[in-house]
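Okay, here's what each chain looks like letter by letter:
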Amino acid sequence: FPVTIEAVYAAAQVLPDLMKSFFSVCTKMFSPRINAGQSLYDFWQGFRSIFIISTLVFSSIGIVGFFLLPKAITLLFSDIYARSAEASKWLWLSIAIFGSSTYLGYALIATKQKFFTYAAYVGYPLILVLFYFLFSKYGFEGMIGARVFAGFVLCGFYCLSFWLMLKLPPRNEAESTL
């Protein structure tokens, strides 16, 4: 029986979604620290080593998975879904490399500045839809590329915003704490 593009796309997301689940668990573990009410600078001083180690560990898992996922996909889903293996490895790698930036995103959201909340919960989906639209002419590969590029944009936004917030003095007392 023919496999639909939707089935291939769904299969391509199964293992990368596990990587997202790992980040979700880590975020919940780090949540008390992120929401402790300290300044971003103080948060960063205590969290920097955790962030670096997490980034290195997940990036390493991402690189290893990039090479192992094609075999795993064919073993788990059969040769029918082999097309999803190529996409899955790119999703896996991008989530692994960009995922640690979500810790910075949650710290920015904890500052209670609406801009960061809107950027994460409104801006990212809009960017994703925009990329889906722009890459739609490339079909399945375009959908995967859209997710990877949208993740890259969100990661860049979180990292740049966090860095700028560390460098800029707080505008008032309410903004000096998370």
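This report concerns the structure included in the present document. (Residues numbered from 1 in each chain as written. Predicted model: local features only at pLDDT ≥ 70, side-chain atom pairs only at ≥ 80, totals over all residues. Heavy atoms only, no water.)

**With respect to the nonpolar core**
Right, so step 1: Ranked by size, the top nonpolar core spans 29 residues in total, and within it M19, Y103 and F162 carry the most contacts.
Right, so step 2: Elements that contribute at least two residues to this core include exactly helix 1 (5-34), helix 2 (40-77), helix 3 (82-98), helix 4 (101-109), helix 5 (114-135) and helix 6 (139-167).
Right, so step 3: When neighbours within four sequence positions are excluded, Y103 is seen to be in contact with F23, C26, T27, F30, I34, F47, F51, S54 and F58.
Right, so step 4: If you look at the next biggest cluster of nonpolar residues, it comprises ten residues, including V8, A12, F140 and I144. (Core = buried A, V, L, I, M, F, W, Y, C linked by side-chain atoms within 4.5 Å. Buried < 20%, exposed > 50% of the residue type's maximum accessible area, 1.4 Å probe, protein only. Helix = DSSP H or I, 4+ residues; strand = E, 2+ residues; numbered from the N terminus. Contact = heavy atoms within 4.5 Å.)

**Regarding the pattern of salt bridges**
Right, so step 1: Applying the stated criterion across every chain yields a total of two salt bridges.
Right, so step 2: Residues D17 and K20 are paired through a salt bridge, measuring 4.0 Å at the closest nitrogen-oxygen approach. One end of the pair is D17 and the other is K20, both in helix 1 and three residues apart, which spans about a single turn.
Right, so step 3: Classification of K20 by relative accessible area gives partly exposed; the value is 42%.
Right, so step 4: Between K89 and E86 there is a salt bridge, with its nearest N and O atoms 3.5 Å apart. Of the two residues, K89 and E86 both sit in helix 3, three residues apart, roughly one turn of that helix. (Salt bridge = Lys/Arg side-chain N within 4 Å of Asp/Glu carboxyl O.)

**Describing the side chain of S84**
Right, so step 1: You can see S84 is positioned in helix 3.
Right, so step 2: On the accessibility criterion, S84 (0% relative accessible area) is buried.
Right, so step 3: Ignoring anything within four residues of it in the chain, the contact list for S84 reads V8, A11, A12, I73 and F140.

**As for unusual backbone geometry**
Right, so step 1: Although it is not a glycine, K112 adopts a positive phi angle of roughly 65°.
Right, so step 2: In this structure, K112 sits in the loop between helix 4 and helix 5.
Right, so step 3: Under the relative-accessibility criterion, K112 is labelled exposed at 69%.

**Re the packing of helix 5 against helix 6**
Right, so step 1: Viewed as axis vectors pointing N to C, helix 5 and helix 6 meet at an angle of 150°, and their least axial separation amounts to 8 Å. On the basis of their axis angle, the class for helix 5 and helix 6 is roughly antiparallel. Crossing angle aside, the handedness with which helix 5 passes helix 6 is right-handed.
Right, so step 2: When grouped by side-chain class, the residues that make up the contact of helix 5 with helix 6 number 19 nonpolar, five polar and one charged. (Axes fitted to C-alpha atoms, helices over the stretch in contact; angles between N-to-C directions. Parallel < 35°, antiparallel > 145°, perpendicular 65-115°, else oblique. Left-handed = near helix turned anticlockwise from the far one by under 90°. Nonpolar A, V, L, I, M, F, W, Y, C, P; charged D, E, K, R; others polar.)

**As for helix 4**
Right, so step 1: With respect to burial, helix 4 is a largely interior element, seven of its nine residues being buried.
Right, so step 2: Along helix 4, the residues that are buried comprise S101, Y103, L104, G105, A107, L108 and I109.
Right, so step 3: For helix 4, the secondary structure elements touched by its buried residues are helix 1, helix 2, helix 3, helix 5 and helix 6.

**Observations regarding the packing of aromatic side chains**
How two aromatic rings sit relative to each other is set out by the distance from centre to centre and by the angle between their planes.
Right, so step 1: Scanning the model with the defined rule gives 19 aromatic pairs in all.
Right, so step 2: Here the aromatic rings of F66 and F67 are separated by 5.2 Å at their centres, their planes lie at 90°, and the arrangement is edge-to-face.
Right, so step 3: Relative accessible area serves as the criterion here: at 12%, F66 is assigned to the buried category.
Right, so step 4: Measuring from ring centre to ring centre gives 5.5 Å for F135 and F149, while their planes differ by 70°; the resulting arrangement is edge-to-face. Of the two residues, F135 sits in helix 5 while F149 sits in helix 6, which places them 14 residues apart along the sequence.
Right, so step 5: Taking the relative accessible area as the measure of exposure, F149 reaches 43% and is therefore partly exposed.
Right, so step 6: Aromatic rings pair up to connect F23, F30, F43, W44, F47, F51, F58, Y103 and F162 into one cluster. (Phe/Tyr/Trp six-rings, centres within 6.5 Å; stacked < 30°, edge-to-face > 60°.)

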